[in-house]
Amino acid sequence: KNEVEQSPQNLTAQEGEFITINCSYSVGISALHWLQQHPGGGIVSLFMLSSGKKKHGRLIATINIQEKHSSLHITASHPRDSAVYICAGDNNNDMRFGAGTRLTVKP
Amino acid sequence: NAGVTQTPKFQVLKTGQSMTLQCAQDMNHNSMYWYRQDPGMGLRLIYYSASEGTTDKGEVPNGYNVSRLNKREFSLRLESAAPSQTSVYFCASRQGLNNEQFFGPGTRLTVL
C-alpha cells in the first residue's frame, strides 16, 4: 500500500462543475502539499497546509489531521483547470507523493 | 527572476556513461530537492539539501550523488547510468519547512 493515496485516478467533468480530489496518507507528516502539473509538464505549488482550510480563488484545500485525509476542491471548473493534481506528505523534508489525479474539464 | 533553472532539458546517455544534472535558484532559498518522475510511479525524492553544506538521502538515492555547491546550486550526478534511471528529473527549492516549493522545468533523461 502506498503511503499517500489519491482518488480518483482520472476525472472528467463538464465546465462549471464542482470538483473534489481526495488524498489519504498513512505516514506522519508536518504538512500536506497540493501541486498542479500542466500538460506541458511544469509543476506549480497550489497549497501547503498543516491544519484547517485554505482558499485561493476557485481552489479550496482542506485537511483533517485526525483522519489523515485532505481534499482539493475546484469550484466552477474551467477547461484551463485540466491538469494532473498531486498531493504530497511532507515529513520535515522527506516528501512522499501520491500518483496524481488527471482532471479533464470539457467545455 | 528566473526562479529554478535546470540544465540540460534533454539528454540521452548510453549505459555506463556518467553525467551531472545542474540546478540553480535565484530566490535565496535555503532548501533544495531532486525528484524523479516515472509513469505510474509519481514523483519520488532522490536527495535533498535542507541548507547550504548539508545533504540527505530521500526515498530513492541509490545510483545518485549530489553536491550543494553553494546556496544557489544543487547538482545531481549519475556515475554509471542504467536504463532504470530513464526518467524526468525535477529540481525544486523553498525557503524552509513552512514554505511551498518552487519547481524547475525538468530534465528528460533517456538511458539506452
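Just so it is clear, the model here is predicted, and its values are computed rather than measured. (Residues numbered from 1 in each chain as written. Chains lettered and ligands numbered in written order. Predicted model: local features only at pLDDT ≥ 70, side-chain atom pairs only at ≥ 80, totals over all residues. Heavy atoms only, no water.)

A. Here's a closer look at the overall build of chain A. On a plain count of helices and strands, chain A comes out with zero helices and 11 strands. Counting from the amino terminus, helix and strand elements in chain A follow one another as β-β-β-β-β-β-β-β-β-β-β. On the principal axes, the C-alpha backbone points of chain A span a range of 40 × 25 × 20 Å. Counted over contacts in chain A with a minimum sequence separation of 6, partners at least 24 positions apart contribute 52%. Of the roughly 5,000 Å² of accessible surface on chain A, 47% is carried by carbon and sulfur atoms. (Helix = DSSP H or I, 4+ residues; strand = E, 2+ residues; numbered from the N terminus. Contact = heavy atoms within 4.5 Å. Areas by Shrake-Rupley, 256 points an atom, 1.4 Å probe, with all protein chains shown as cover.)

B. Main features of the side chain of Q37(B). By secondary structure assignment, the location of Q37(B) is in strand β4 (residues 31–38). Residues within four places of Q37(B) in sequence aside, it is in contact with Q37(A), I86(A), G42(B), L43(B), S87(B), V88(B) and F90(B).

C. Geometry of the pattern of salt bridges. Counting across every chain of the model gives eight salt bridges over all chains. E59(B) is the salt-bridge partner of R96(A), the closest N and O atoms lying 4.0 Å from each other. On the criterion of chain membership, the pair formed by R96(A) in strand β10 (residues 94–97) and E59(B) in the loop between β6 (56–57) and β7 (64–68) is interchain, its members lying in two chains. Residue R44(B) pairs with D38(B) through a salt bridge whose shortest N-O separation is 2.8 Å. D38(B) matches R44(B) in its accessibility class, with the two residues each being buried. (Salt bridge = Lys/Arg side-chain N within 4 Å of Asp/Glu carboxyl O. Buried < 20%, exposed > 50% of the residue type's maximum accessible area, 1.4 Å probe, protein only.)

D. Quick peek at the interface of chain B and chain A. Each side of the interface is counted separately: chain B has 18 residues, and chain A has 19 residues. On the chain B side of the interface with chain A, the three residues burying the most area are L43(B), E100(B) and F103(B), jointly 33% of the side's total. Applying the counting rule to chain B against chain A returns two salt bridges. Residue R94(B) pairs with D90(A) through a salt bridge whose shortest N-O separation is 2.8 Å. Connecting chain B to chain A are five residue pairs in polar contact (both at pLDDT 80 or more). Every element with two or more residues in the side of chain B that touches chain A is listed here: β4, β5 (42–49) and β9 (87–94) of chain B. Of the residues forming the side of chain B that touches chain A, the biggest block, five residues, is contributed by β5(B). A breakdown of the residues in the side of chain B that touches chain A according to their chemical character gives nine nonpolar, five polar and four charged. (Buried area = accessible area lost by both parts, 1.4 Å probe. Polar contact = N/O pair within 3.5 Å; in protein donor to acceptor, adjacent residues only side chain to side chain. Nonpolar A, V, L, I, M, F, W, Y, C, P; charged D, E, K, R; others polar.)

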